[in-house]
Amino acid sequence: MNVLIQLGWFFKQRKKQYAIGIAALVLVSVLQLLPPKIIGYIVDDITKGTLTAKQMMEWLVILAIAGIAMYAFRYLWRVMIFGSSIVLARTIRKQLFDHFLKMSPAFYQKRRVGNLMAHATNDVSAVQQTAGMGVLTLFDSILTGGFVILTMAVTINWKLTLIALIPIPLMIVLTSFYGKLLRRHFRTAQEAFSGMNDKTQESISGMKVIKTFGQQKEDIEDFRQLSDDVVEKNMRVARIDALFDPTIGGIFAISSIISFVFGARFILAGDMSVGDMVAFSTYLGLLTWPMLAFGFLFNIVERGSASYTRIHELLSVDPEVVDVHGAIDERPKGDLSVDIDTFTFPGDPKPALFDVHFTLRRGETLGIVGKTGSGKTAILKLLLREFDDYEGIISYGGHSIHQYKQQRLRESIGYVPQDHFLFSTTLAENIAFTNPTVPSEEIHRAAQLAHIHDDIEGFSEGYRTIVGERGVSLSGGQKQRISIARALLMQPELLILDDSLSAVDAKTEEAILRSLKETRSGETTIITSHRLSAIQHAHQIIVMDEGTIAEAGTHAELMALNGKYKEMYDLQQLEASVEQGGEA
Ligand SMILES: Nc1ncnc2c1ncn2[C@@H]1O[C@H](COP(=O)(O)OP(=O)(O)OP(=O)(O)O)[C@@H](O)[C@H]1O
């Protein structure tokens, strides 16, 4: 039941709608007390032979008015209460989405997409039920039940009413016990659903790989196991679910039997009329719904509670990277100075970076090379503030990057990551991602600089060509160049190409680098690459090895050093001449 208190913030926001809805519920509860009483009067008048046509007509008119009013009020409470619950679902979905956008990559490293999606769908829907059906059943069981019981006691026979209520405490104890069981099992079932969602999402995203390696059978088997697990856990929930109705039905039957036995005795003793007994049993019938509602209440609220706890746990994870108080609200520009003493990825046993120190003057180009896993991307991740927890300082434009608003820092950096992501929209919109209102000439210019313009013009729809999910319809090199165009459109102060030319041929690479040199002469560029040709002309080159700088200097200086760089260079020259020889 705590979840109703936890959702207090929302009930406060929608207090008008809930007040109107509950008022309409109260009116329905009161109005529905009329018909049994009128029927009781009619029966008594018929038994006594005193019923006139005029009186009968009057009763019928009252019944009709009560019926129409109940129709209207029922409509009203549905719109108010269920409508509000839909608004709650929207609010929580938005909270989750906003939260997801605030979280840093470390958050996504620990959680899987399918799991997060399950929170935003299944769990939100269970909480929505609590704010809709939960509130309805709470008030319906208390109000309707209370009014019916009060009317039975006051207008018919209080002793018989008390007798009829004898089994109710048993019902309360049992439903609350089932509710607790249900919450536990529902949470496990939701977790199993999250797991299955993960699997589905991953299989669909990795469908190409699954098929290429002929792993369909294994994948189906994995899915079947997870799906069976979901079924089994939901069956446990269903088994507890199934206990509510028979229990309440059974208790209601006991209550009815006791009432009939004692009611008959009261009639024989002359304490009650037959009409009263008819009215009493009709009221008893009216108690069916509030009693069932009481069962539903526990059922819905305990599910909502399990789901709200899951959502709350997710929302209460604080973003690891936050703006400091009074953060600088302008785009950084100027020299870049990196002084990383040591940095370890969360959960990793050993540092990914140590003693990485270099300064890059505004307008210079830095090349970072080194074998795979040597820490090239890790430096960029710190620069982009994906992780803040390191020893050392990175200054940009005279201030530590921690002192800028994250938004401003990122506006200053055009980052082309290794793993490109294109949205399922047009090529133009993909390029103009950071500024959708930019004139098409600028989009074309960025595409020309990235040497993708001609490819785009070759598509039948040109810039309006829709890119498939994750850009499946484009080649790796085309995707890379669209990502470069996207970054160039921002005209960033600092452009970072993280191994972003790996899928283009040497000629295109050279052409792109030439364009960059011509158009970005006053701006800073960082290029990481395995291919030395991409960084050879950089003002500075650092060679990363096992998380630290092994060598640094210009191409000529590094060649003269006769170390790792020269070794890599010679090897790549040899490979190139073998390739050329092969072609000849
Ligand atoms: N998010 C992460 N969490 C934990 N460890 C990571 C993470 N990203 C990278 N690492 C580890 O940190 C080390 C440096 O990785 P990094 O991505 O910087 O290498 P790289 O030089 O860019 O390699 P490549 O050329 O293959 O891109 C590697 O050992 C890698 O396994």
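Residues numbered from 1 in each chain as written. Predicted model: local features only at pLDDT ≥ 70, side-chain atom pairs only at ≥ 80, totals over all residues. Heavy atoms only, no water.

A. Structural detail: the domain arrangement of the protein. Considered domain by domain, the protein is made up of domain 1 (15-315) and domain 2 (336-419 + 491-583). Placing a centre on the C-alpha atoms of domain 1 and another on those of domain 2 gives a separation of 60 Å. (Domains from an automatic or database assignment.)

B. Representation of the site of the ligand. Taken together, 15 residues lie around the ligand, and Asp-348, Thr-372, Lys-376, Thr-377 and Gln-418 are the ones closest in. In this structure, Gln-418 approaches the ligand through a side-chain N or O atom, which is 2.7 Å from an oxygen atom. In the environment of the ligand, an oxygen atom lies 2.9 Å from a nitrogen or oxygen atom belonging to the side chain of His-530. Relative to its unbound accessible surface of 630 Å², the ligand loses 72% to contact with the protein. Looking at the shell around the ligand element by element, the count peaks at 4 residues for helix 14 (residues 376-383). Looking at the shell around the ligand residue by residue, the class counts come to 3 nonpolar, 8 polar and 4 charged. (Near = heavy atom within 4 Å. Polar contact = N/O pair within 3.5 Å; in protein donor to acceptor, adjacent residues only side chain to side chain. Areas by Shrake-Rupley, 256 points an atom, 1.4 Å probe, with all protein chains shown as cover. Helix = DSSP H or I, 4+ residues; strand = E, 2+ residues; numbered from the N terminus. Nonpolar A, V, L, I, M, F, W, Y, C, P; charged D, E, K, R; others polar.)

C. Quick look at the UniProt feature "transmembrane region" (unreviewed entry) in the protein. UniProt's feature table lists "transmembrane region" (unreviewed entry) at residues 18-39, 59-77, 135-154, 160-178, 243-268 and 280-301, given in the numbering used throughout. A helix fraction of 91% and a strand fraction of 0% characterise residues 18-39, whose end C-alpha atoms lie 33 Å from each other. In this annotation, residues 280-301 is assigned 95% helix and 0% strand; the end-to-end C-alpha distance for the span is 31 Å. (UniProt positions renumbered as here; feature names shortened; annotations may be inferred.)

D. The arrangement of the pattern of salt bridges in detail. Counting across every chain of the model gives 29 salt bridges. Across the pair Arg-112 and Glu-202 runs a salt bridge whose closest N-O atoms are separated by 3.2 Å. Here Glu-202 lies in helix 9 (residues 168-205) and Arg-112 lies in the loop between helix 6 (105-110) and helix 7 (113-156), a separation of 90 residues in the sequence. Accessibility expressed as a relative area gives 45% for Arg-112, which makes it partly exposed. You can call Glu-202 partly exposed: its relative accessible area is 46%. Across the pair Arg-408 and Asp-329 runs a salt bridge whose closest N-O atoms are separated by 2.9 Å. You can see Arg-408 sitting in helix 15 (residues 406-412) and its partner Asp-329 sitting in the loop between helix 13 (288-315) and strand 1 (336-343), a full 79 residues away along the chain. Classification of Arg-408 as partly exposed rests on a relative accessible area of 26%. Salt bridges sharing common partners tie together Asp-329, Arg-331, Lys-405, Arg-408 and Glu-411. (Salt bridge = Lys/Arg side-chain N within 4 Å of Asp/Glu carboxyl O. Buried < 20%, exposed > 50% of the residue type's maximum accessible area, 1.4 Å probe, protein only.)

E. Inspection of the sheet that holds strand 4 (residues 390-396) at higher detail. Spatial ordering of the open sheet is given by 2-1-4-5, a layout of 4 strands whose pairing is antiparallel. Each edge of the open sheet carries a strand with a single partner, namely strand 2 (353-360) and strand 5 (399-400). Relative to strand 2, strand 1 is paired through 7 bridges, and the arrangement is antiparallel. Bridging across to strand 2, Ile-340 finds its partner in Val-356. (Pairing = 2+ DSSP bridges.)

F. Looking closely at the packing of aromatic side chains. As enumerated under the stated definition, the model contains 17 aromatic pairs in all. Relative to Phe-107, the ring of Phe-100 lies with its centre 6.5 Å away and its plane at 40 degrees, an arrangement referred to as tilted. Judged on exposure class, the residue Phe-100 and its partner Phe-107 are both buried. Members of the aromatic cluster, connected to one another through ring pairs, are Trp-9, Phe-10, Phe-11 and Tyr-18. (Phe/Tyr/Trp six-rings, centres within 6.5 Å; stacked < 30°, edge-to-face > 60°.)

G. Layout of the packing of helix 11 (residues 216-268) against helix 12 (residues 274-286). Interhelical geometry of helix 11 versus helix 12 gives an angle of 170 degrees and a closest axis separation of 11 Å. If you check the angle between helix 11 and helix 12, you find them roughly antiparallel. In contact with Phe-252, Ser-256, Ser-259, Phe-260, Gly-263 and Ile-267 of helix 11, helix 12 contributes Val-274, Met-277, Phe-280, Ser-281, Leu-284 and Gly-285. The class makeup of the residues in the contact of helix 11 with helix 12 is 7 nonpolar, 5 polar and no charged. (Axes fitted to C-alpha atoms, helices over the stretch in contact; angles between N-to-C directions. Parallel < 35°, antiparallel > 145°, perpendicular 65-115°, else oblique. Contact = heavy atoms within 4.5 Å.)

H. Structural detail: helix 12. If you check helix 12, its first and last C-alpha atoms are 18 Å apart, about what 13 residues at 1.5 Å a residue would give, namely 18 Å. Of all the residues in helix 12, the buried ones are Gly-275, Asp-276, Met-277, Ala-279, Phe-280, Tyr-283 and Leu-284. Those residues of helix 12 hidden inside the fold are in contact with helix 4 (34-48), helix 7, helix 8 (158-164), helix 11 and helix 13. Capping the start of helix 12 is the job of one residue whose side-chain oxygen sits 3.4 Å from the backbone nitrogen of Gly-275: Ser-273. (Expected span 1.5 Å × (residues − 1).)

I. Molecular detail of the UniProt feature "domain: ABC transmembrane type-1" (unreviewed entry) in the protein. Here the UniProt-annotated "domain: ABC transmembrane type-1" (unreviewed entry) positions come out as residues 19-303. Taken end to end, residues 19-303 is 92% helix and 0% strand, and its first and last C-alpha atoms sit 24 Å apart.

J. Representation of the environment of Ile-210. Note on placement: Ile-210 falls in helix 10 (residues 207-212). Apart from residues lying up to four places away in sequence, Ile-210 is in contact with Ser-203, Gln-215, Gln-216 and Asp-219.

K. Spotlight on the nonpolar core. Counting 42 residues, the largest nonpolar core has Ile-431, Ile-443, Leu-497 and Tyr-565 as its most contacted members. Among the secondary structure elements, those contributing two or more residues to this core are helix 16 (427-431), helix 17 (440-449), helix 19 (476-489), strand 7 (494-498), helix 20 (506-519), strand 9 (540-545), helix 21 (555-561) and helix 22 (564-583). By residue number, the principal contributor to this core is helix 19, which donates 6 residues. In contact with Tyr-565, not counting residues within four places along its chain, are Val-369, Leu-532, Ile-535, Gln-536, Ile-541, Val-543, Glu-551, His-555, Leu-558 and Met-559. Counting 36 residues, the second largest nonpolar core, distinct from the first, contains Leu-7, Leu-31, Ala-89 and Phe-107. (Core = buried A, V, L, I, M, F, W, Y, C linked by side-chain atoms within 4.5 Å.)

L. Here's a closer look at the sheet that holds strand 10 (residues 548-553). Strand order in the open sheet formed by 6 strands is 6-7-8-3-9-10, and the pairing between neighbours is mixed. Every other strand in the sheet has two partners, leaving strand 6 (413-416) and strand 10 as the edge strands with one partner each. For this sheet the average axis-to-axis angle between neighbouring strands, irrespective of direction, equals 15 degrees. In this sheet, strand 8 (residues 524-528) lies alongside strand 7 in parallel orientation, the contact comprising 5 bridges. Bridging from a neighbouring strand, Asp-498 pairs with Thr-528 of strand 8. Here helix 19 sits on the sheet and contacts strand 6 and strand 7; the angle it forms with strand 6, its principal contact strand, is near 175 degrees.

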